[in-house]
Amino acid sequence: MLRHAVQCPSVVIAKGDPQVAMYRGNFRIDDAPSGRIAPTEWRADGADMLLLDAGEPAVRLRLDGDALVVDALRGGYDRITTRFHAEPDEAVWGGGEQMSYLMLAGRRFPIWTSEPGVGRDKSTEITRIMDADGMAGGDYWNSNYPQPTFLTSRWLAVHLDNFGYSVLDFSDPAAHCVDYWGAQARFEFFAAEGPREIVGQLSARFGRQPALPDWAIGGAIVGLKSGTSSFDRLERFVDAGAAISGLWCEDWAGIRETSFGRRLFWDWTGGARSEQRYPYLRARIAALNARGIRFLAYANPYLAVDGTLYEQAKAEGHFCLRQDSDEVYLVDFGEFDCGVVDFTRPETRDWFAEHILGREMLDIGIDGWMADFGEYLPTDVRLADGSDPMEAHNRWPVLWAEVNAQALASRGKTGDALFIHARRFFRRASALPFALGGRSMCRFHPPRRHRNGDYRSAVGRARRQCVQPFGLRRLYLAAWQCPHRGTDAALVRTGCVRPGHAQPRGQPARRQSAI
């Protein structure tokens, strides 16, 4: 697994100098490390191994059960690169839900939960356009659900048991390198005789997904969001003879109109906006339930400043704060600002699970929802537990999933009548019944291009994620269409839409699922 030699040190450390920019879930992360130390000498220190530079300890290697802990011992050193042994032509898989490649050899894969990007290929025009308009083009490695785990055709697996920013680097055929931004990295090792056994070990480590309730697989879950007319439209499916399990209305809490188009109102309560959009919602849900049809909704961990829940959450200390003051940290989500609910605070987790997911949703009969936007935590917020947001960012989807699971447990719904949609995650499959595979661009690319975000790439993503393992997932049948005005000609030119299907200029661009 690990070899150390004077000519090829197993660990390199450095001091980081990061530059991080975020715009609506899209991140640009750069680093200018300095003071690089590649210790070549070593000596035993009890059961540990010290790697020395100029005769002085620079790195400590120690075993912790089946794990290896790597400590950078020099003050201010917070970059660790660990080189694991690689055999010639060794196949490598993993990295979580990698949307573009199943075989990882020859490439680097940053592990940072984010929007996946529109285009995801820097050589294409659509990617360049989206990069210029909000850093939204993405690259082959951008993922909703990354995971710092890889396995090889020697049937060995390595998992970095840290949440901070990391990179799985397989560009060197002689080594599988893992770069970690921190002063301590903990690696877990797995070994087996074949693929079934190694995937089974990973499944046991990260948790097996719970079985879906029978109702969830007994028919279609129809996503409609046109207010009260959604119920009438659902009847057309029923009249056509379709088996229907659920009606999914993301707009249950109300809408707002923006230049982007129609958006959800991020105030997860059955108040006046909900009543205007869906009059008598509780009674309509009950009527559906009497027919064996469940009602599903939507929530995310942000609250709009002009909503009814914002002031309560602010007064009770449920938001992340600015680093330079005690003011609430606000994020611009496109013509409306939101506070970031601080899940590092236990009281806030309890409040969101009980007050919002419990009373506002479960108690009116909602039997499922999309738990969205776990990847947006900014890296310059102040968190209640004092943790570094660069470390908390990848941890955020796990905390968000746990809040959802807590709400279900509080109403006796775990594994019974409800499951959670989520399109952002990091690890711990047992916390999530199944994952959303993300949206796709609305076309089938030629074979050499399909890896970068069209319909066929969605199938590939599911296959790649299964080796982590994560076997239950749902995919949009609808497509992602570029949600920006003024790009119609580019969409036609790059083949993302057919002529005549682009949005007319001067009108808000449309997207299949505007949130």
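Let me sum up the structure you'll find in this document. (Residues numbered from 1 in each chain as written. Predicted model: local features only at pLDDT ≥ 70, side-chain atom pairs only at ≥ 80, totals over all residues. Heavy atoms only, no water.)

**Observations concerning the side chain of D139**
Counted only if it meets this: Under the scheme used here, helices are H or I runs from DSSP no shorter than 4 residues and strands are E runs no shorter than 2 residues, and both carry numbers assigned from the N terminus. The classification of residues rests on relative accessible area computed with a 1.4 Å probe and restricted to protein chains. Under 20% of the type maximum is buried, over 50% is exposed, and intermediate values are partly exposed. Neither His nor the chain ends contribute to the count of charged residues, in which Lys and Arg are positive and Asp and Glu negative. A carboxyl oxygen of Asp or Glu within 4 Å of a side-chain nitrogen of Lys or Arg is what we treat as a salt bridge.
Tracing the backbone shows D139 in the loop between α1 (125-132) and β12 (146-152). Although buried, D139 forms no salt bridge, and the nearest oppositely charged side chain, K122, lies 4.9 Å from it.

**As for the pattern of salt bridges**
Summed over the entire model, instances satisfying the criterion amount to 32 salt bridges. Salt-bridge contacts for R79 lead to D31; the nearest nitrogen and oxygen are separated by 2.7 Å. Pair noted here: R79 is in strand β9 (residues 79-85) and D31 is in strand β3 (residues 26-31), with a separation of 48 residues, a long-range link. Note on R79: relative accessible area 9%, which makes it buried. Residue classification places D31 among the partly exposed positions, given a relative accessible area of 26%. Of the charged contacts, one joins K122 and D131 as a salt bridge, the two residues approaching to 2.7 Å between their closest N and O atoms.

**Some words on the sheet that holds strand β5 (residues 41-45)**
Strands belonging to one sheet form pairs held by backbone hydrogen bonds; the direction of such a pair is parallel or antiparallel. As a reminder of what qualifies: When DSSP finds two or more bridges between two strands, those strands count as paired. Every angle, taken between N-to-C directions, lies between 0 and 180 degrees, and every axis is a line fitted to C-alpha atoms, over only the stretch in contact when it is a helix. The criterion used for residue contact is that any of the two residues' heavy atoms lie within 4.5 Å.
Taken in spatial order, the 8 strands line up as β5-β6-β7-β8-β16-β13-β12-β10 in an open sheet, and their pairing is antiparallel. In this open sheet, the two edge strands, each paired with only one partner strand, are β5 and β10 (92-96). Strand after strand, the sheet turns through a mean of 20 degrees between neighbouring axes, direction not considered. With 5 bridges joining them, strand β8 (residues 67-72) and strand β16 (residues 184-191) adopt antiparallel strand pairing. In the strand pairing of β16, V69 is matched with R186. Relative to the sheet, helix α2 (residues 195-206) contacts β12, β13 (156-160) and β16, its axis offset from that of β16 by approximately 135 degrees.

**Some details on the nonpolar core**
Heads up, the condition is: Residues enter a nonpolar core if they are buried and are Ala, Val, Leu, Ile, Met, Phe, Trp, Tyr or Cys, with the set joined through side-chain atoms within 4.5 Å.
The biggest cluster of nonpolar side chains holds 68 residues, and the ones touching the most others in it are W266, W268, F295 and F352. The element best represented in this core is helix α8 (residues 389-410), accounting for 7 residues. Membership of the second largest hydrophobic core comes to 28 residues, among which are A58, L61, V70 and Y77.

**With respect to helix α5 (residues 281-290)**
Threshold: Directions from the helix axis toward the C-beta atoms define the arc.
If you check which residues of α5 are buried, you get L281, I285 and L288. Within α5, the buried residues cover an arc of 60 degrees as seen down the axis, which keeps them to one side. Exposed and oriented more than 90 degrees from the buried face of α5 are R282 and A290. Where α5 is buried, its residues touch α3 (229-239), β18 (244-248), α4 (272-277) and β21 (294-299). In the segment just after α5, G292 is the residue with positive phi, at about 80 degrees.

**So, unusual backbone geometry**
A positive phi angle, near 55 degrees, is found at A54, a position not held by glycine. Summarising the element assignment, A54 is placed in the loop between β6 (48-53) and β7 (56-64). Residue class for A54 comes out exposed when judged on its relative accessible area of 75%. The phi angle at Y280 is positive, at roughly 55 degrees, despite the residue not being glycine. Checked against the element boundaries, Y280 lands in the loop between α4 and α5.

**Looking at the sheet that holds strand β15 (residues 175-181)**
With respect to topology, 6 strands assemble into an open sheet ordered β4-β1-β9-β15-β14-β11, the strand pairing being antiparallel. Bordering the open sheet on either side are β4 (34-37) and β11 (108-111), each of which pairs with just one other strand. Direction aside, the axes of adjacent strands within the sheet are offset by 15 degrees on average. The pairing of strand β14 (residues 166-169) with β15 spans 4 bridges and is classified as antiparallel. Across the sheet, residue S166 finds its bridge partner in β15, namely Y180.

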